[in-house]
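Per-entry structural report
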Amino acid sequence: MAKRDDPETIGRRVQELRLRRGLTQRRLAEPSYTPAYVSTVEAGRVRPSDEALRHLADRLGVTFEELATGRPAHLATDLRLRLTEAQRTLADGEAEEAAAQYTGLLAEALAHGLVEEEATARLGLGECRLDTGDLVAAREHFEHAERTLADASLPARVPARRGRAVAHYLAGELRYAVYLLESTLDELNLAGLHDPDALLLLYTAVIGPYMDMGAQARAAQAAELALALAPQAEDPALIARMHRSVARTLLAEGRIAEADASLGKAAEMYRQLKIRTELANCRWMRGYVYAQNGDLARAEDELRAARAMLASHRAALYSSQVAVELADVLHRRGKSEEAADLLHGVLGGLSPERGAVHAAAAHRLLGIIAEDAPDTEAAEEHYVRALSLLERAGAAGDLADLCRLLGDLLRRTGRVEAALDAYRTGLGHRTAGTTTLGPAPAQPPL
């Protein structure tokens, strides 16, 4: 039950309602209480018992909660229903419209002191800002949601913590994203708080940063734990997201058919749930699978479709990321000029603080295209810019590959010592993803 207001506030409310209904203190008090008692209640000099408040509420024609807290009857239930509607709007890809809905609901929750509903609205606003690519605002909403739930259990705070981690990950802060997710997993598992949905949310979220950091073994372990937890989880959208993330680890292990099957499961669940934005992400991932398997024509079709869906939903950051992967497929199909135009078009929307890993991928591909031109000076410039972005992000796996490309370029242009330095740097980064993360977090008892 919500916390009651102080006696003075309740007293004023009783008096206002009594006068509005044209009742005397005697009529309000009868038959169980005296007019003098009602007078002391209205003056705020006594804290009425629950029994007394129920009597007064019944005589005044309001609910006990409304008299005790000032909240209209069924307000929390109505707010939760409208929060679900806002979530559906976001699932349809209308992030700005959903943000407007969440903003209004947040104001209502704040006005009536509804803490859980306030946190839900802030989480929704954070998800909206992830979709629109405003990562700073997204992070602020998630941080505020976590503060709002400071007195709640850790599993209740996990969605806000995961949101913060995703915002840092998309900004290119891979190591801090992993720290947030791993420390929360440790805290949950060591405390025996084995909430399946909370754990599945965290293991699913940590797979991407692990893969980008070159920690493929740890990503595979997170995927195995996520798959083991899935039968216990209750949220079908979360299970679908898990299948989409697990597909990436399967692909890295060369299990292409299994990766495709995992994506198929995710897509089917999203279709049933009518979550359009995630369907676009499934097509994006499926295009990546086809590209890795050498089926470039199908990869191009899937990536073009995904980019069109995300662009129509005004998901600028995600559509830019898809464009980088589409450009790679176009280059491999001999359409290098179109690929370069596409990359130059999206680089303005990517930066060290917003999509750093994909910005580096764009510069890497532009370097390869420049080498083919041949324009070694432009190629080196792009490789160096990509190197700077990846070093800041801590994307060890991609750094090792990039150092090899840069070393080969330097060697071909006669700068052997510089090439050796680049190769040595690449070898250092090759092991960084597995030696600098620290101990793996505690595991749930599966």
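None of these values were measured; they are calculated from a predicted model.

**Section: the overall build of the protein**
Looking only at helices and strands, the protein features 23 helices and 0 strands. Relative to the compact-globule value of 22 Å for 446 residues, the protein shows a C-alpha radius of gyration of 28 Å, a clear excess of over 25%. Taking the principal axes of the C-alpha coordinates as reference, the protein spans close to 100 × 45 × 35 Å. Looking at the protein as a whole, 52% of its 446 residues are labelled buried. If you take every contact in the protein between residues at least 6 apart in sequence, the share linking residues at least 24 apart comes to 61%. Carbon together with sulfur atoms contributes 50% to the accessible area of the protein, which is approximately 20,300 Å² in total. For the protein, the distance from the average position of its 54 positive side-chain charges to the average position of its 65 negative side-chain charges is 4 Å.

**Structural notes on the nonpolar core**
Leu130, Leu200, Tyr203, Leu343 and Tyr383 are the most contacted members of the largest nonpolar core, which has 107 residues in total. Apart from the residues within four sequence positions on either side, Tyr383 is in contact with Arg364, Gly367, Ile368, Glu371, Leu402, Leu405, Leu406 and Leu409. Counting 17 residues, the second-largest nonpolar core is a separate cluster that includes Leu83, Leu106, Leu114 and Ala121.

**With respect to the pattern of salt bridges**
Enumeration according to the criterion identifies 33 salt bridges in this entry. The closest approach of N and O atoms between Asp260 and Arg286, which form a salt bridge, is 2.9 Å. Of this pair, Asp260 sits in helix H15 (residues 256-273) while Arg286 sits in helix H16 (residues 276-292), and the two are 26 residues apart along the sequence. Among the ionic pairs, Asp295 bridges to Arg298, the shortest N-O distance being 3.6 Å. Residue classification places Asp295 among the partly exposed positions, given a relative accessible area of 25%.

**So, the UniProt feature "domain: HTH cro/C1-type" (unreviewed entry) in the protein**
As annotated by UniProt and renumbered to match this structure, "domain: HTH cro/C1-type" (unreviewed entry) occupies residues 14-67. A distance of 7 Å separates the end C-alpha atoms of residues 14-67, which is 65% helix and 0% strand.

**With respect to empty space enclosed by the protein**
Under the definition given, this model contains 1 cavity of 30 Å³ or more. As a volume, the largest cavity reaches approximately 70 Å³. In terms of lining residues, the largest cavity is bounded by Leu185, Tyr203, Val206, Tyr210, Arg218, Gln221, Ala222, Leu225, Ala440, Pro441 and Gln443. Elements with a contribution of two residues or more to the lining of the largest cavity: helix H12 (196-212) and helix H13 (216-229).

**Points about helix H6 (residues 75-91)**
Helix length check: H6 (17 residues) gives 24 Å between terminal C-alpha atoms against 24 Å at 1.5 Å per residue, within 8%. All of the buried residues in H6 are Leu75, Ala76, Leu79, Leu83, Ala86, Thr89, Leu90 and Ala91. Lining the buried residues of H6 we find helix H7 (95-111), helix H8 (115-132) and H16. Two residues or fewer after H6 comes Gly93, characterised by a positive phi angle close to 90°.

**So, helix H20 (residues 356-372)**
The end-to-end C-alpha distance of H20 is 25 Å, a good match for the 24 Å that 17 residues give at a rise of 1.5 Å each. The buried fraction of H20 amounts to 14 of the 17 residues, a majority that puts the element mostly inside the structure.

**Some words on the packing of aromatic side chains**
Overall, the coordinates contain 3 aromatic pairs when judged by the stated rule. Measuring from centroid to centroid gives 5.2 Å for Tyr33 and Tyr37, while their planes differ by 20°, and the two rings are stacked. Residue classification places Tyr33 among the partly exposed positions, given a relative accessible area of 24%. The class of Tyr37 is partly exposed, set by a relative accessible area of 22%. Positioned over the ring face of Phe64 is Arg54, at 4.5 Å from the centre of the ring.

**Quick look at the packing of H20 against helix H22 (residues 396-412)**
How two helices pack is summed up by the angle between their axes together with the distance between the axes. With their axes 12 Å apart at the nearest point, H20 and H22 run at an angle of 25° to one another. As summarised for this structure, H20 and H22 are arranged roughly parallel, according to the angle between their axes. Read as a crossing pair, H20 and H22 show a hand that is left-handed. Contacts between H20 and H22 pair Val357, Arg364, Ile368 and Glu371 from the former with Asp398, Asp401, Leu402, Leu405, Leu409 and Arg412 from the latter.

**Let's talk about unusual backbone geometry**
Backbone torsion omega between Glu30 and Pro31 reads 0°, so that peptide bond is classified as cis. As for its position among the elements, Pro31 is in the loop between helix H2 (25-29) and helix H3 (35-42). Across the junction of Ala373 and Pro374, the peptide omega takes the value -5°, indicating a cis bond. Tracing the backbone shows Pro374 in the loop between H20 and helix H21 (376-393). One non-glycine residue, Lys274, adopts positive backbone phi at about 60°. Position of Lys274 relative to the elements: it lies in the loop between H15 and H16.

**Section: the side chain of Arg162**
Mapped onto the fold, Arg162 is located in helix H10 (residues 154-170). A relative accessible area of 11% means that Arg162 is categorised as buried. Sequence-distant contacts of Arg162, that is, excluding residues within four places in its chain, are made with Glu127, Leu181, Leu201, Ala205 and Arg241.

Cut-off values and rules
Residues numbered from 1 in each chain as written. Predicted model: local features only at pLDDT ≥ 70, side-chain atom pairs only at ≥ 80, totals over all residues. Heavy atoms only, no water. Helix = DSSP H or I, 4+ residues; strand = E, 2+ residues; numbered from the N terminus. Rg over C-alpha atoms; globule rule 2.2 N^0.38 Å. Buried < 20%, exposed > 50% of the residue type's maximum accessible area, 1.4 Å probe, protein only. Contact = heavy atoms within 4.5 Å. Areas by Shrake-Rupley, 256 points an atom, 1.4 Å probe, with all protein chains shown as cover. Lys, Arg positive; Asp, Glu negative; His and termini not counted. Charge placed at Lys NZ, Arg CZ, Asp CG, Glu CD. Core = buried A, V, L, I, M, F, W, Y, C linked by side-chain atoms within 4.5 Å. Salt bridge = Lys/Arg side-chain N within 4 Å of Asp/Glu carboxyl O. UniProt positions renumbered as here; feature names shortened; annotations may be inferred. 1 Å grid on protein atoms, 1.4 Å probe; cavity = no way out; pocket = protein on both sides within 12 Å on 5 of 7 lines; lining within 4 Å. Points joined across faces, edges and corners; volume = space filled by probe spheres on them. Expected span 1.5 Å × (residues − 1). Phe/Tyr/Trp six-rings, centres within 6.5 Å; stacked < 30°, edge-to-face > 60°. Lys NZ or Arg CZ within 6 Å of the ring centre and 35° of its normal. Axes fitted to C-alpha atoms, helices over the stretch in contact; angles between N-to-C directions. Parallel < 35°, antiparallel > 145°, perpendicular 65-115°, else oblique. Left-handed = near helix turned anticlockwise from the far one by under 90°.

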